[in-house]
Every structure is written in structure tokens, then in C-alpha cells.
Amino acid sequence: NNNNNNNINNNNREKDEGEGFIICWYEEYKRRCLLDATVPERLKRLNERRTCNEDDGWCSLLLDGPDILEKLQELAANDSCIEGEERVSYGLADTARETLMGIHRFWTCLDWYNLLKRLQSSEEEVDIDDGAILIARLYQTSSNVMTTGTTLHTLEISVHHALEEKANLLKQRLGQNQQYNETNSSQLSRNQIIVKEMRFFFQSINEQREHQGLPSADRSDKLRGNITDYYNFNNSLLDQILLNTRKGIPITLSIIYASIVKRATGIKMDAVGIPGHFLISIGTDDNNSRLFVDAFDGGKVLSKQQCQDIVQNHYRILWHDSMSKPVPKKEVWARMLRNLAVCHVQTLDLAQIYGKLIDLINYLYSTTQKTYTKDMDRNEFAKMCFLIRQ
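I will try to describe carefully the structure that is included in this document. None of these values were measured; they are calculated from a predicted model.

1. Considering unusual backbone geometry
In the Ramachandran plot, Arg246 falls in the positive-phi region, its phi being about 65° despite a non-glycine side chain. By secondary structure assignment, the location of Arg246 is in the loop between helix 10 (238-245) and strand 4 (247-248). On the accessibility criterion, Arg246 (14% relative accessible area) is buried. Phi at Arg316 is positive, roughly 55°, even though this residue is not glycine. Arg316 gets classed as exposed once you look at its relative accessible area, which sits at 70%.

Right, here's the structure in full:
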């Protein structure tokens, strides 16, 4: 009898919870429908007050962003939407597209702000690719944001999937390496095997030159340094490198390299920003067991002496041991932002197009230099909205 009573109570509890879920779902659905219905009129008012960059209507659209994505996408694609049983034209396609772009950039900046707060609490809990992915999100085009559906995180999902695929392949290769799996292997020996296996994913500069004359179908599909178009801003965007061009600059290829290794082995590699170049390292300085890796040159392994030679012989700068110390993640991302600003200045034909985006990049760089003790204040919020509206 007790068992039967318990079963009845459990069933009633599950029924109550199920009904509660249905009620919550219905309330949320009703809220979304009511919110969607306000979007056309809000966009109209935005058009009428276009000269007012700090308009409250703009800020409220940004804040509602995740809840009104689908409605904005509908208006942007069709210049109309279904009202009752009829399709009504509003003539708001351009404003809807502009608002979609604003929402994506606004929530990227907000995620950036929150990432730096998390980083301040615990650097260990933040991955080096987290900030790099947010930087890439700034460059999503109108065609990108039209196809994101109900999420603002399509780009992250794609990048994480690409990194996981490579990490799983590295796991397989390490699993088949007998020396790596021997119980008496030293950590130095394992690290040497890891960097050797990672050469499978990266192409050296010499290999690139050898393959330059080959038809595109016969060229390597490995990740590689972009030696012919170094200042192309796409070299700084993880999604473009992993999903499109396969080409990057030292800092982004290093981030990809370290992300693959961490996913496959759990080992965190250090970022090393020597003058004029960017490397990653694995291991410690004890007993000279630290290995430096040049991801831009196919994952070539360098000794500390070779790093010193690069700095002194190539860049004519006096070496100091502090140059090989790990760079904090925040400084890595700040360096990425500085690189992007330089790219847009160097590539004069893009300087005008991306001039306003540089203001946003400079804003993100300035926030990287701050210390975070509380949530974003009203002035910071208003400034961010203003820059995005530009």
C-alpha cells in the first residue's frame, strides 16, 4: 500500500510538473507573440527618428534582440509579414536588416564585457578561443545574421564543431601511438609526440611554396600562414580560417593550435608574444623541457635559443628572457583587436567601409584594459548603443 501511495504521489507530482511546464511554455509563447506584434511599429518610429543616435527605441530593440530575431528576419527577407490571414507590407526591410546587425553586435559586446568579468574571476575557466570567437562575431554580415534562426550563437557552434573534429582526429592519432601511451613515458616525451602529430593539421611555409604551382584541387587542405595576403582581415577571424580560407596569421593559428590540443589532451598551452611574431609553448622551463611552436610555419618546434635568434637577427631587437613568458589571454585578444585596426588601415580600399567598425574595435580594446568589479553601468551601455548605431 505504501508503495502504491508513493507511486500515486510521484505520478501526481509528475503531472503537476508537466502541467506547470505547459503553462510556462504557453505564457512564454504568448509573451513572444505580443512582443513580435510591436516590432513593425517600433521600426517605423526608428526610421522617423534616424538622426537621434541615442534613441530609447533603438536601445530597447537591442535589449529585446534574442526574442525578436525571427520577426526581424521575416521583415528583412520579405519586407512584409503575416498579420491575421493577410501579408502586410511595411517597407521596413532595410531598417530590419540594420537592426539585426545592431542586435548581433550589441550582444557580442555584452558577451565580451561578461567574458572579461569571468576572466577576472578565474583565468583558468576561460578558454583562449572564447575571446577570439567573439571578435569574429563582430564581422558577421547581413547575410549571416539573416540565417541564424532563433540563436545569436551560430558562429560559435560552427567554430566549436570544427575544432572538436580536429581534436577528435588528434585523439585518434595519439591513441594509435604506442610510445605516447606507455606508462613510463615522460611528459616531455608526450609533449614532443603531441607537437609532432599536430604537424598533420598545419602546412609549413616551404610546403606552401612547393604547392603554389599546383592546381587548387591538388593543394593541401592544411591550415597555413597567409604569406601572400597577410593584411587581409579574414586572417584574424577564426570562422573564416576554419570554415573557409584555411589561412591565418601567427596569433590566430596559434589560438587554433592551442584549442585543438586542449580539447584532445586537456593540456593548456601558453601564448608567447615575442616581438614581431607570435608562438605557443608547451611544457615548463624546468630542465629545458619547454617547447615553442610556430603554428604559422606548419607547427615547427623551436628552442628558446631559436626564439632568441628570431628576435635578434630578424628584428634587430635585444633579447630579454621576459619575451618568452606566457601572455595573459586578455592581452592576446587586445593584440588581435590591434591587428584588425592595422589591417583596415593597411588595406585602404576597406578603410572607409570598416571605419565605423574600428571605433567599435577601439571601444572593445579600451574595455580590455579595465578592471571589472560590477555590471555595466548606464553610461557604458549608452556609449555601446551609440557606437553600434553608427
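2. A short note on the sheet that holds strand 6 (residues 279-282)
By way of backbone hydrogen bonds, the strands of a sheet pair with one another, either parallel or antiparallel. Reading across from one edge, 5-6-7-8 is the order of the 4 strands in this open sheet, with antiparallel pairing throughout. In this open sheet, the two edge strands, each paired with only one partner strand, are strand 5 (270-272) and strand 8 (300-302). For this sheet, the mean angle separating the axes of adjacent strands, direction not counted, is 35°. Pairing geometry for strand 7 (residues 291-294) and strand 8, over 3 bridges, is antiparallel. Following the sheet pairing, Phe292 is matched in strand 8 by Leu302. The sheet contacts of helix 12 (residues 304-314) involve strand 6, strand 7 and strand 8, and relative to strand 8 the element is tilted by about 95°.

3. A short note on a nonpolar patch on the surface
Taken together, the side chains of Trp25, Tyr26 and Tyr29 make up a nonpolar region of the molecular surface, amounting to roughly 380 Å² of accessible area. Relative to the assigned elements, Tyr29 resides in helix 1 (residues 2-48). For Tyr29, a relative accessible area of 47% gives the class partly exposed.

4. Looking at the nonpolar core
The biggest cluster of nonpolar side chains holds 93 residues, and the ones touching the most others in it are Phe106, Met198, Phe202, Ile256, Tyr257 and Trp333. With 12 residues, helix 3 (residues 93-121) is the largest single contributor of residues to this core. Once residues within four sequence positions are removed from consideration, Phe106 is found in contact with Leu62, Leu63, Phe381, Met384, Cys385 and Ile388. Listed in part, the 9 residues of the second largest apolar core include Phe292, Cys307, Val311 and Met323.

5. Things to note about the pairing of strand 6
Residue alternation in strand 6 divides its side chains into two sets, Leu279 and Ser281 and Ile280 and Ile282, and both sets are buried. Pairing of strand 5 with strand 6 involves 3 bridges; the strand directions are antiparallel. Paired with Val272 across the two strands is Leu279, which belongs to strand 6. Linkage of strand 5 to strand 6, two consecutive antiparallel strands, is achieved through a turn of 6 residues, within which Gly276 is found at a positive phi near 80°.

6. Some remarks on the pattern of salt bridges
Scanning the entire structure with this criterion turns up 20 salt bridges. The closest approach of N and O atoms between Asp94 and Arg97, which form a salt bridge, is 2.7 Å. Of the two residues, Asp94 and Arg97 both sit in helix 3, 3 residues apart, roughly one turn of that helix. Judged by relative accessible area, Asp94 falls into the exposed class, the value being 58%. Arg97 sits in the partly exposed class, given a relative accessible area of 28%. In this structure, the salt-bridge partner of Arg137 is Glu156, at a minimum N-O distance of 2.6 Å. Here Arg137, found in helix 4 (residues 128-137), pairs with Glu156, found in helix 6 (residues 154-175); they are 19 residues apart in sequence, far enough to count as distant. Judged by its relative accessible area of 1%, Arg137 falls in the buried class. Because the salt bridges share partners, they merge into one network encompassing Glu28, Arg31, Arg32 and Asp67.

Analysis parameters
Residues numbered from 1 in each chain as written. Predicted model: local features only at pLDDT ≥ 70, side-chain atom pairs only at ≥ 80, totals over all residues. Heavy atoms only, no water. Helix = DSSP H or I, 4+ residues; strand = E, 2+ residues; numbered from the N terminus. Buried < 20%, exposed > 50% of the residue type's maximum accessible area, 1.4 Å probe, protein only. Pairing = 2+ DSSP bridges. Axes fitted to C-alpha atoms, helices over the stretch in contact; angles between N-to-C directions. Contact = heavy atoms within 4.5 Å. Patch = residues over 30% accessible without salt bridge, like charges linked within 9 Å, V, L, I, M, F, W, Y side chains within 5 Å. Areas by Shrake-Rupley, 256 points an atom, 1.4 Å probe, with all protein chains shown as cover. Salt bridge = Lys/Arg side-chain N within 4 Å of Asp/Glu carboxyl O. Core = buried A, V, L, I, M, F, W, Y, C linked by side-chain atoms within 4.5 Å.

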